[in-house]
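Examination of the molecular architecture
Listed below are the residues making up each chain.
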Amino acid sequence: MGKKALITGVTGQDGSYLAEFLIAKGYEVHGIIRRASSFNTQRIDHIYLDPHVKGGTLKLHYGDLCDANVLAKLMREVNPDEVYNLGAQSHVRVSFDMPVYTAETVAMGALKLLEAVRDHQQQSGRKVRYYQASSSEQYGKVVETPQTETTPFYPRSPYACAKMMAHWATVNYRESYGLHASCGILFNHESPRRGETFVTRKITRAVGRIKMGLQDKVFLGNLDSKRDWGFAGDYVKMMWMMLQQETPDDYVIATGRTITVREFAEMAFRHAGLDFKRHVEFDPRYLRPAEVDLLLGDPAKARKKLGWVPTTTVEQLAAMMVEHDLELARREKTLRDAGHKLPDSAGHDQ
């Protein structure tokens, strides 16, 4: 009998890659999705429509991290071996506009889920392993470089503050109640499934559309911000690896290399044979009230204890994303040439 996993945020970038990864290992995967008037399952449709991929299954349940009753109910119904908390209002810039909602989903959502896991474990006697998606944004105004598991946090956004609470709540439940609960402090990780309002995807989406003549400019905020960018498909493996350890712990997941937003944009435009300087313009609307200038993770602990190393360089990542978005833009152009009206894809919320 295969293991069962419950994933919050299953329709997001990380959730979709994690669902694929676990299904390939024979897991029965259960995902929590929010009720909406439109479909938001594009990233997992290919799995859901063929739910027996490589021996595993995918089942979806309506729920919300803000609803403690539903979380407790799903813990009883699913009875999972592993719980992965990936759900969140995950956009840093948006968190300044929606701080309360961000805190409710990210911080209080994690607390409600931890309580549901603890109660279920007590009532059923079944040991449950819990993964919390922590964030490099917690380091914020960094006090040392590179950042490790022991680097003090200095959050610079409502999102980072909320993630910091979720992180320490997980540590507290581990130490107070003996939960097998681990935190992955993930540095920026991207893919063709990244949301189009996040800066890397905003850039590669623009590259594709500019190459196809569908737009001419992309407007960005702080081009000098430095980030440690990896491939989301590499990082979800690490989430699983943490929960297979006998002792729970916290790990930095990063490449150990940082580049600026400008450098990422330059390599993306260069891959498509375009001149970055002709098409990128600064727009102060995309600046954050408090900027995070430099993030660089040290994954030495993960490498030493778990044998994990990222397999995709940032150059390969940029190329992968550009190729995907070139194909997407080609389809858009075909539709436009056939007389269909296209949505505005200028991008927002860097």
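Per chain, residue numbering runs from 1 following the sequence as it is written. At least 70 in pLDDT is required for a residue's local features to be given in this predicted model, at least 80 for side-chain atom pairs to be given and counted, and no such filter applies to totals for whole chains, interfaces and linings, which use all residues. Side-chain descriptors were evaluated using all non-hydrogen atoms of the structure, hydrogens and water having been removed beforehand.

1. Quick notes on the overall build of the protein chain
Put simply, the rule is: For the purposes of this entry, the term helix denotes a DSSP run of H or I that reaches at least four residues, the term strand denotes a run of E that reaches at least two, and both are numbered from the N terminus. The globule rule used for comparison is 2.2 Å times the number of residues to the exponent 0.38, while the radius of gyration itself is calculated over C-alpha atoms. Exposure categories follow from relative accessible area, calculated using a 1.4 Å probe and restricted to protein chains: below 20% of the type maximum is buried, above 50% is exposed, and the middle band is partly exposed. By definition in these notes, contact holds between two residues if any of their heavy atoms fall within 4.5 Å. Using a 1.4 Å probe, the Shrake-Rupley method yields the accessible areas, and only the shown protein chains count as cover for residues. In this charge count, Lys and Arg are treated as positive and Asp and Glu as negative; neither His nor the chain ends contribute. A charge is said to be at NZ when it belongs to Lys, at CZ for Arg, at CG for Asp and at CD for Glu.
Helix and strand content of the protein chain: 12 helices and 13 strands. Radius of gyration (C-alpha) of the protein chain: 20 Å, near the 20 Å computed for a compact globule of 350 residues. Overall, the C-alpha framework of the protein chain stretches about 60 × 50 × 40 Å when taken along its three principal axes. Counting across all 350 residues of the protein chain, residues that qualify as buried make up 55%. Contacts spanning at least 24 positions in sequence make up 81% of the contacts within the protein chain whose residues lie at least 6 apart. Accessible area for the protein chain stands at about 15400 Å²; split by element, carbon and sulfur atoms hold 51% of it. Both charge centroids of the protein chain, one from 47 positive and one from 43 negative side chains, sit 2 Å from each other.

2. Here's the deal with helix α3 (residues 68-78)
The test is simple: Read the arc as the range of directions from the helix axis to the C-beta atoms. N or O atoms within 3.5 Å of each other form a polar contact, as long as, within protein, one can give a hydrogen and the other can take it, and as long as residues adjacent in sequence are counted only when both atoms are side-chain atoms.
Three or more residues of α3 are buried, namely Leu 71, Leu 74, Met 75 and Val 78. Buried residues of α3 fall within an arc of 105° about the axis and therefore sit on the same side. Summarising the geometry of α3, the exposed residues directed more than 90 degrees from the buried face are Asn 69 and Arg 76. Contacts made by the buried residues of α3 are with β1 (4-8), β2 (28-33), β3 (57-62), β4 (82-85) and α5 (99-124). Near the N-terminus of α3, the side chain that reaches the backbone nitrogen of Asn 69, with its oxygen 3.2 Å away, is that of Asp 67. Positive phi shows up at Asn 79, right after α3, with a value of about 55°.

3. A short note on the state of the cysteines
Filter applied, for reference: Note on terminology: pairs of cysteine sulfur atoms within 2.5 Å are recorded as disulfides.
A full pass over the atoms with the stated rule returns zero disulfides. With no disulfide of its own, Cys 161 lies closest to Cys 183 among cysteine sulfurs, the gap being 16 Å. A relative accessible area of 42% means that Cys 161 is categorised as partly exposed. Look at Cys 183 and you get buried, because its relative accessible area is 0%.

4. Notes on the packing of helix α7 (residues 199-211) against helix α9 (residues 261-271)
Heads up, the condition is: Structural elements are reduced to axes, namely lines fitted to C-alpha atoms, with helices fitted over the stretch in contact, and the angle between N-to-C directions of any two is expressed from 0 to 180 degrees. Each angle gets one of four labels, with under 35 degrees taken as roughly parallel, over 145 as roughly antiparallel, 65 to 115 as roughly perpendicular, and the rest as oblique. Left-handed describes a crossing in which the near helix is turned anticlockwise from the far one by less than a right angle; the clockwise case is right-handed. Charged residues are taken to be Asp, Glu, Lys and Arg, nonpolar residues to be Ala, Val, Leu, Ile, Met, Phe, Trp, Tyr, Cys and Pro, and polar residues to be all remaining types, Gly included.
Remark: α7 packs on α9, axes separated minimally by 10 Å, with the N-to-C direction vectors making an angle of 30°. Judged by the inter-axis angle, α7 sits roughly parallel to α9. Relative to α9, the crossing made by α7 is right-handed. Note on element contacts: α9 touches α7 through Val 261, Phe 264, Ala 265, Ala 268 and Phe 269, opposite Val 199, Thr 200, Ile 203, Thr 204, Val 207 and Ile 210. Partitioning the contact of α7 with α9 into residue classes produces nine nonpolar, two polar and no charged.

5. Thoughts on the pattern of salt bridges
Our working rule: In the sections that follow, a salt bridge refers to a side-chain nitrogen of Lys or Arg positioned within 4 Å of a carboxyl oxygen of Asp or Glu.
The full count for this structure, using the stated rule, is 26 salt bridges. Between Arg 93 and Asp 97 there is a salt bridge, with its nearest N and O atoms 3.5 Å apart. Highlighted residues: Arg 93 and Asp 97, both in helix α4 (residues 92-97), separated by four residues, approximately one helical turn. Relative accessible area serves as the criterion here: at 16%, Arg 93 is assigned to the buried category. Here Glu 115 and Arg 118 are joined by a salt bridge, their closest N and O atoms 2.9 Å apart. Placement of the pair is Glu 115 and Arg 118 together in helix α5, with a separation of three residues, close to one helical turn.

6. So, the nonpolar core
The criterion, for reference: Definition used in this section: a nonpolar core is a set of buried Ala, Val, Leu, Ile, Met, Phe, Trp, Tyr and Cys residues joined via side-chain atoms within 4.5 Å.
By size, the foremost hydrophobic cluster in this structure holds 61 residues, and its most contacted members are Leu 22, Tyr 84 and Ile 203. If you tally residues by element for this core, the top one is helix α8 (residues 232-243), at nine residues. Discounting residues that sit within four places of it in the chain, Ile 203 has contacts with Leu 220, Val 261, Phe 264, Ala 265, Ala 268 and Phe 269. Within the second largest apolar cluster, 20 residues are counted, among which are Leu 6, Val 83, Leu 114 and Ala 169.

7. Some remarks on the environment of Val 83
Here Val 83 is to be found in strand β4. Under the relative-accessibility criterion, Val 83 is labelled buried at 0%. Residues Val 83 and His 30, 53 residues apart in the sequence, show an inter-C-alpha distance of 9.5 Å. In contact with Val 83, not counting residues within four places along its chain, are Leu 6, Met 75, Leu 113, Val 117, Val 128, Arg 129, Tyr 130, Tyr 131 and Leu 243.

8. Thoughts on helix α6 (residues 158-177)
Selection criterion: Given a helix with a known number of residues, its expected span is that number minus one, times 1.5 Å.
Across its 20 residues, α6 extends 28 Å between first and last C-alpha, which sits within 8% of the 28 Å expected from 1.5 Å per residue. Restricting attention to buried positions, one finds in α6 the residues Tyr 159, Ala 160, Ala 162, Lys 163, Ala 166, His 167, Ala 169, Thr 170, Val 171, Tyr 173 and Arg 174. Of the surrounding secondary structure, the elements contacted by the buried residues of α6 are α4, α5, β5 (129-135), β6 (180-186) and β11 (250-253). One or two steps after α6, the chain reaches Gly 178, where phi turns positive at roughly 75°.

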